[in-house]
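# Architecture and fold: a report
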Amino acid sequence: MIATLAFLAVAVQDAGAVTVAVPTQARAGGLSTAPLDPAPVGVSLEFFTMPSYLTNVTATMQCLENWKDLTGVWPPVRIGGTTQDRAQYDASTSAYVVYSVARAADAPMTLTFGPKFMSLAATYPGSVVLGLNRAKNNIQNTIAAAKVAVAEMKNLLAIELGNEPEYWVKDKQPIASGSWNNVIDRASQNDWNIRVGSAIGKTNIIQAGNWNDSPPQWGAAGLIATENATVRQYVRHYSHHNYPGGSIQKLMTHSTTVQNVRVFNADVASALAIGKEYVLGETNSVSGGGAAGVSPTFGAALWTMDYILRATISNISRIYFHQGTVGNCQYCSWGRYSMGSPYYGQYIATAFMAGAKHIAALDAGTTNYAAYVTFDAAGAPLRVLLYNSNYYTGGTRSSESFTLTGLTAATVKAKRLTASSATARADQGGDISFGGQTFTDVTCKIAGSERYETATVSGGQVTFAVKATEALLVYLQ
């Protein structure tokens, strides 16, 4: 039985057969497309770890450069997280950061940072969002740091004032010592945005929002409704955090990912309505540094890929994946000594969107099978990505046949993202590969020979088999 999906181009014919009608042009037949940022995939570096990632973790710059080599643009970086609201600026210190911990794997409860922190951030070749402290309620200290950031960082995209304010009562932060709720936070954000923006002489400079609890209680739509024109001139864009959690199977299931991203639709629409971007300013699989049985797995890598693409088709401009404490981070894409599985999902998503101007989903998001298409500047289809989110950990591995129709080329080629199972881990020597290639521990350099699968188009159609827990990137040009 063929199920026809309204205005969409995927028909699931029966078990093991999916037909994908590839549009000839962006917006053909009323297809809903979204514009793409030149570099939609970025990273969020936990505030106190930034100097370590940039100076003591060899893989960092190479991992980011790998994405730049695909897109031509250095990926965006956000510096922030829980420790940004534990940090106070100290103009007199010559260190990047100053703190003490009982164990190297711990995050500090208090810390200071100096001008060199911003000078180091300024060396990164791409854009940077810098998170500063609001929770301590010391606005003059924050303004002092912001002034140095503006002076030093030519790559400064935005300043974030406070991380996840909904938790400040629990964290016993000074700004929340009296009454504190979403309404008070909105007023606080508006006040600080004006005062900090005015003090540094910059408009269009604040990354507002930065909550983790779900909207609408903590969300951009509610904040935007309270803003006047004076506040709004200082806001560059709005941000939310997201950690879906759950088991590997739940996390990587396509329909679950679609439902999760839809939570942000109203906030995205509110931001776009006033001409502002919306980003996921900090995100990953499971909060608190990740879950050992979920976050480092190949299943999480496939979730990462699918999640990025659903976010971008929802008009979310950039997605910043959080890198936590060095040496104590289950969801990290790379560390000091090993690669993380999620990096493979980020890489294939970046390769799929590289150089494209628009993206569209070719499925309704209600099954385990996904299809996406990107379009070039002329509106012609550029690449198709196919995803089979059926969960596989061993035994007989099922496969789905994806038939692409409406093609004009005589042949197409493809690269496969695959592993032995959903539980395979790059940091434990798992056999994860994309187009036959892997990323080397410590250096993040690409290893192995690139392998394409070539298929002949007949009657405008071609069929590819995609196994359970696997994805395929098809190049149409």
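Thresholds applied
Residues numbered from 1 in each chain as written. Predicted model: local features only at pLDDT ≥ 70, side-chain atom pairs only at ≥ 80, totals over all residues. Heavy atoms only, no water. Pairing = 2+ DSSP bridges. Helix = DSSP H or I, 4+ residues; strand = E, 2+ residues; numbered from the N terminus. Axes fitted to C-alpha atoms, helices over the stretch in contact; angles between N-to-C directions. Contact = heavy atoms within 4.5 Å. Buried < 20%, exposed > 50% of the residue type's maximum accessible area, 1.4 Å probe, protein only. Disulfide = S-S within 2.5 Å. Core = buried A, V, L, I, M, F, W, Y, C linked by side-chain atoms within 4.5 Å. Parallel < 35°, antiparallel > 145°, perpendicular 65-115°, else oblique. Left-handed = near helix turned anticlockwise from the far one by under 90°. Nonpolar A, V, L, I, M, F, W, Y, C, P; charged D, E, K, R; others polar. Lys, Arg positive; Asp, Glu negative; His and termini not counted. Salt bridge = Lys/Arg side-chain N within 4 Å of Asp/Glu carboxyl O. Polar contact = N/O pair within 3.5 Å; in protein donor to acceptor, adjacent residues only side chain to side chain. Phe/Tyr/Trp six-rings, centres within 6.5 Å; stacked < 30°, edge-to-face > 60°. Lys NZ or Arg CZ within 6 Å of the ring centre and 35° of its normal.

The chain appears in an unreviewed UniProt entry as Glycoside hydrolase family 79 protein from Immersiella caudata.

## Points about the sheet that holds strand E14 (residues 319-323)
Judged by pairing direction, the barrel is parallel, and its eight strands sit side by side in the order E4-E5-E9-E10-E11-E12-E13-E14 before closing back on the first. Adjacent strand axes in the sheet meet at a mean angle of 25 degrees when their direction is disregarded. For strand E12 (residues 235-242) and strand E13 (residues 277-283), the ladder comprises six bridges, and the chain directions are parallel. Counted as the bridge partner of His240 is Leu280 from E13.

## Observations regarding the sheet that holds strand E7 (residues 97-98)
Strand order in the open sheet formed by three strands is E6-E8-E7, and the pairing between neighbours is mixed. Lying at the two open borders of the sheet, with one neighbouring strand each, are strand E6 (87-89) and E7. With two bridges connecting them, E7 and strand E8 (residues 111-113) associate as antiparallel partners. Paired with Val98 across the bridge in E8 is Thr112. Docked against the sheet, helix H4 (residues 139-152) engages E6 and E8, running at close to 70 degrees with respect to E6.

## Comments concerning the side chain of Thr142
Within the element layout of this structure, Thr142 appears in helix H4. Overall, Thr142 belongs to the buried group, its relative accessible area being 2%. Those residues in contact with Thr142, other than ones at most four positions away along the chain, are Leu132, Asn133, Leu161 and Trp192.

## A short note on the state of the cysteines
Tallied over the full model, the rule gives two disulfides. Two residues share a disulfide in this structure: Cys63 and Cys444, whose sulfurs sit 2.1 Å from each other. Its S-S torsion of approximately 110 degrees makes the covalent link between Cys63 and Cys444 right-handed. Here Cys444 lies in the loop between strand E21 (438-439) and strand E22 (446-447) and Cys63 lies in helix H2 (residues 59-71), a separation of 381 residues in the sequence. There is a disulfide in this structure between Cys329 and Cys332, and the S-S distance comes to 2.1 Å. Here Cys329 and Cys332 share a disulfide; its torsion about the S-S bond, 90 degrees, makes the bridge right-handed. On the basis of relative accessibility, which here comes to 8%, the residue Cys332 falls in the buried class. Regarding the disulfides, the chain carries the connectivity 1-4, 2-3 under sequence-order numbering of its bonded cysteines.

## Quick look at unusual backbone geometry
The omega angle of the peptide bond from Pro215 to Pro216 is 10 degrees, so this bond is cis rather than trans. Its location among the elements puts Pro216 in the loop between strand E11 (206-211) and helix H6 (220-226). In this structure, Val442 is a non-glycine residue whose phi angle is positive, near 75 degrees. What makes Val442 partly exposed here is its relative accessible area of 34%.

## Notes on the nonpolar core
Core analysis: the largest hydrophobic core is formed by 119 residues, its most contacted members being Phe113, Met118, Leu130, Leu309, Trp334 and Leu417. Here this core gets 11 residues from one element, more than from any other, and that element is helix H11 (residues 298-313). Apart from residues no more than four positions distant in its own chain, Phe113 is found in contact with Phe47, Ala87, Gln88, Tyr89, Asp90, Thr93, Tyr96, Val97, Met118, Leu132 and Ala145. Membership of the second largest hydrophobic core comes to 25 residues, among which are Val22, Val373, Phe375 and Val457.

## Digging into the pairing of E12
Of all the eight residues making up E12, seven are buried; the element is thus mostly covered by neighbouring parts of the structure. As judged from the five bridges shared by E11 and E12, these two strands associate in the parallel manner. By the bridge assignment for E12, Ala208 is matched with Tyr238.

## A word on the environment of Thr350
Within the element layout of this structure, Thr350 appears in helix H12 (residues 342-353). Exposure remark for Thr350: the relative accessible area of 5% places this residue in the buried category. Separated by 279 residues in the primary sequence, Thr350 and Thr71 have C-alpha atoms spaced 7.4 Å apart. Among residues more than four places away in sequence, those in contact with Thr350 are Val41, Trp67, Leu70 and Thr71.

## Comments concerning the packing of helix H9 (residues 254-262) against H11
The interhelical angle for the contact between H9 and H11, taken along N-to-C directions, is 40 degrees, at an axis separation of 10 Å. Here H9 lies oblique to H11, going by the angle between them. Pair H9 / H11 crosses with right-handed handedness. Where H9 approaches H11, its residues His254, Thr257, Val258, Asn260 and Val261 are matched on the opposing element by Trp303, Asp306, Tyr307, Arg310 and Ala311. Partitioning the contact of H9 with H11 into residue classes produces five nonpolar, three polar and two charged.

## Here we look at the side chain of Glu164
Tracing the backbone shows Glu164 in the loop between strand E10 (156-161) and helix H5 (182-200). We note that Glu164 is buried and unpaired, the nearest opposite charge coming from Arg78 at a distance of 6.4 Å. A polar atom in the side chain of Glu164 sits 2.7 Å from the side chain of His241.

## Some points on the packing of aromatic side chains
Under the definition given, this model contains 21 aromatic pairs. For the pair Trp74 and Tyr124, a centre-to-centre distance of 5.8 Å together with 80 degrees between the ring planes defines the contact as edge-to-face. Of this pair, Trp74 sits in the loop between H2 and strand E5 (77-80) while Tyr124 sits in the loop between helix H3 (115-121) and strand E9 (128-132), placing them 50 residues apart in sequence. Tyr124 matches Trp74 in its accessibility class, with the two residues each being buried. Every member of this aromatic cluster is reached through a ring pair, and the members are Trp67, Trp334, Tyr343, Tyr344, Tyr347, Phe434 and Phe439. Seen from the ring of Tyr452, Lys413 lies directly overhead, with NZ or CZ sitting 4.2 Å from the centre.

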